[in-house]
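Structural characterization, general
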Amino acid sequence: MKRTTLSFMMAASLLFAGCDKADKDTVQQAQTQPKAGDGGSAHGDFGPPQGEPIHAVLTSPPLVPPATGRTTPARVIVDLTVQEKEMEISEGVSYTFWTFGGTVPGSFIRVRQGDTVEMRLHNMPDSKMPHNIDLHGVTGPGGGAASSFTAPGHTTQFTFKALNAGIYVYHCATAPVGMHIANGMYGLILVEPPEGLPKVDKEYYVMQGDFYTLGKYHDKGHQGFDMEKAIAEQPTYVLFNGREGSMTNDKALKAKVGENVRLYVGNGGPNLVSSFHVIGEIFDKVYPEGARNPNENVQTTLIPAGGASMMDFHVEVPGSYVLVDHSIFRAFNKGALAILKVDGAENKSIYSGKELDEMYVGDKAGSGSMAAVGAAAATAAATGAATREERIAAGKVLFAGTCSTCHQATGEGMPGVFPPLAKSDYIAKNPKVLAEVMLHGKVGPITVNGKSYNSNMPPMNQLTDDEVANIGTYVLNTWGNPGGQITREDAAKARAAKPADASSGH
Ligand SMILES: [Cu+2]
């Protein structure tokens, strides 16, 4: 069992002390004869490394190195370079990340149980901070942190034997630890069991992290780290692979109908626990926290901060499957959303697609798909563009996701349910009302173009002032509306006019 100086880990290891005796009884037998299914570090030493040392193949997310394919233990050299660099955290928002290998999460490392791993940590000369590495797959003080303090422009090295198979988080553990992790210093190391993992068609590397910026969600420009938000555990962004939209649109993960997909999903934290879910799929197998024996038929699996999991599933039906943290505001309002795009032939016997849409005069009209509304708000490219033309272009994209579920892409609305925005006399009377309606919603009776409606539009105050200006300007300049502009100031004024109360709709 791994020893560490952290007191909470000591407390945890005491809990397991009862198991030690049983383990020791089987040590002798296991050392001579490792066999599949034997867990624990006492069964993971297959003797000295054989053959020439191997340089580990490291991959950037979402890619995973190929299986080691080895049946004997080797000496594996890992060269990991720490780089502090500015990258986009969201469209038009930059952040100074601290990285292992230039990416968030850091490079994926893959070894086999029993391997001797020579860990070389390089810290770039232009780094401002010292860094180190704690690999949860290491048996030894600090998981290696005690031996890897690396000043800017230095290289350090330590060697460990990978005794336990599993999928492990690694992270920087230099003080202030929380800050190093919050800045992106984490990644995954896979220690394959001696017989390897079951073969699949596609493997991907996904890692969640929570981020704390001085500005608000989607505030443009360079954003510094906010220690107070971090301590309060109130992230501005919750992200997969360190950037909002890192795996959407043309960067979506890909698979074909009929394939088996495996995700290696880690959670760097520093604070949040992830309720990891893929919308529209069921995990055939989850190796909870990387454990050896999978659970079957799982919908949502918990991934603790500083923990990781593997999940396998077979894809039967084409379409876009959405990876989320099912603590769902994180997905739609903080960025924890990615797409797996599955191509191939439809299979109507498994999933029919929409079979019916007809009038239903029930109690009250439904309120549309809020998922789609939020998704667009989270992912649409809000540019902070200033000219009218730029606002119209950006607003068109935002409208498509944020408003068109109800008002339709044509702006015609739906008879009796959603009023038209096209040639709306309600808008024409007072164009600035657009900002107000967007930010505070609209409830109660309303007449548009001679027809009355009495429904509920939810407030969308997650939109930034720029986004409100973009959508408003787009609507004003489309479908025969009177033209003109909604400015950032109009949006700010409307936002301040009434306190936003998301529960009442006004
Ligand atoms: Cu660090």
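Scroll up to find the structure this text is about.
What comes next is a walk through the structure. Just so it is clear, the structure is predicted and the values come from calculations on it, not from any experiment.

Side note on the coordination of the copper ion
Binding of the copper ion to the protein goes through H131 (ND1), C172 (SG), H180 (ND1) and M185 (SD), at separations of 2.0 to 2.4 Å. Around the copper ion sit four donor atoms, and with donor-metal-donor angles ranging over 88 to 136° the site reads as irregular. Each donor residue of the copper ion lies on the same chain, and together they follow the pattern H-x40-C-x7-H-x4-M. Of this pair, H131 sits in the loop between β5 (116-123) and β6 (134-135) while M185 sits in the loop between α3 (177-182) and β9 (186-192), and the two are 54 residues apart along the sequence. In this pair, the class of H131 matches that of M185, namely buried.

Examining the pattern of salt bridges
Enumeration over the complete set of coordinates arrives at 19 salt bridges. Notably, a salt bridge pairs E195 with R292, separated by 2.9 Å at the nearest N-O pair. Remark: R292 occurs in the loop between β16 (283-287) and β17 (295-298) and E195 occurs in the loop between β9 and β10 (202-211); sequence separation between them is 97 residues. The partner of R330 in a salt bridge is D325, and the shortest N-O contact between them spans 2.8 Å. Judged by its relative accessible area of 19%, R330 is buried.

Description of the packing of aromatic side chains
For the structure shown, the criterion picks out 14 aromatic pairs. Between Y474 and W479, the aromatic rings sit 5.6 Å apart at their centres with planes inclined by 75°, giving edge-to-face as the arrangement.

A word on the packing of helix α11 (residues 465-476) against helix α12 (residues 488-497)
Their axes nearest at 8 Å, the elements α11 and α12 cross at an angle of 115°. With respect to α12, the element α11 is oriented roughly perpendicular. The element α11 and its partner α12 pack so that their crossing is right-handed. Contacts between α11 and α12 involve D465, D466, V468 and A469 on the former and, on the latter, R488, A491, A492 and R495. Tallied by class, residues from the contact of α11 with α12 come to four nonpolar, no polar and four charged.

A look at the environment of V278
Take V278: it is sitting in strand β15 (residues 274-279). Linking V278 and T301, residues 23 residues apart in sequence, is a C-alpha distance of 9.9 Å. With sequence-adjacent residues up to four places away left out, V278 is seen in contact with L263, F283, Y321, V322 and L323.

What to know about α11
With twelve residues, α11 should cover 16 Å at 1.5 Å per step; its first-to-last C-alpha distance of 16 Å lies within 8% of that length. For α11, the tally of buried residues reaches eleven of twelve residues, placing the bulk of the element in the interior. Within α11 the residues assigned to the buried category are D466, E467, V468, A469, N470, I471, G472, T473, Y474, V475 and L476.

What to know about the pairing of β10
Consecutive side chains of a regular strand alternate in pointing toward one face of the sheet and then the other. When you tally the buried positions in β10, you get eight out of ten residues, the bulk of the element. As paired elements, β10 and strand β14 (residues 260-269) share eight bridges and run parallel to each other. In the sheet register, G209 faces β14, and the bridge partner there is G269. The pairing of β10 with strand β12 (residues 237-240) spans four bridges and is antiparallel. When the bridges of β12 are listed, Q208 appears paired with F240.

With respect to the sheet that holds strand β21 (residues 337-343)
Across the sheet, which stays open at both edges, the five strands sit in the order β13-β21-β20-β15-β18 with mixed pairing between neighbours. The open sheet has two edge strands with one neighbour each: β13 (253-256) and β18 (300-303). Geometrically, the sheet is characterised by an average inter-axis angle of 25° between neighbouring strands, direction not taken into account. With six bridges joining them, strand β20 (residues 319-325) and β21 adopt antiparallel strand pairing. Residue pairing in the sheet places G319 in a bridge with V342 of β21.

Structural notes on the packing of helix α10 (residues 433-440) against α12
Direction vectors running N to C along α10 and α12 enclose 50°, while the axes themselves pass 9 Å from each other. Relative to α12, the element α10 lies oblique. Handedness of the α10/α12 crossing: right-handed. Packed against α10, whose contacting residues are A435, E436, L439 and H440, the element α12 presents D490, A491, A494 and R495 at the interface.

Criteria and cut-off values
- Residues numbered from 1 in each chain as written.
- Predicted model: local features only at pLDDT ≥ 70, side-chain atom pairs only at ≥ 80, totals over all residues.
- Heavy atoms only, no water.
- Donors = N, O, S within 2.8 Å, 3.2 Å for Na, K, Ca; no water.
- Tetrahedral: all angles 85-135°; square planar, octahedral: opposite > 155°, others 65-115°.
- Helix = DSSP H or I, 4+ residues; strand = E, 2+ residues; numbered from the N terminus.
- Buried < 20%, exposed > 50% of the residue type's maximum accessible area, 1.4 Å probe, protein only.
- Salt bridge = Lys/Arg side-chain N within 4 Å of Asp/Glu carboxyl O.
- Phe/Tyr/Trp six-rings, centres within 6.5 Å; stacked < 30°, edge-to-face > 60°.
- Axes fitted to C-alpha atoms, helices over the stretch in contact; angles between N-to-C directions.
- Parallel < 35°, antiparallel > 145°, perpendicular 65-115°, else oblique.
- Left-handed = near helix turned anticlockwise from the far one by under 90°.
- Contact = heavy atoms within 4.5 Å.
- Nonpolar A, V, L, I, M, F, W, Y, C, P; charged D, E, K, R; others polar.
- Expected span 1.5 Å × (residues − 1).
- Pairing = 2+ DSSP bridges.

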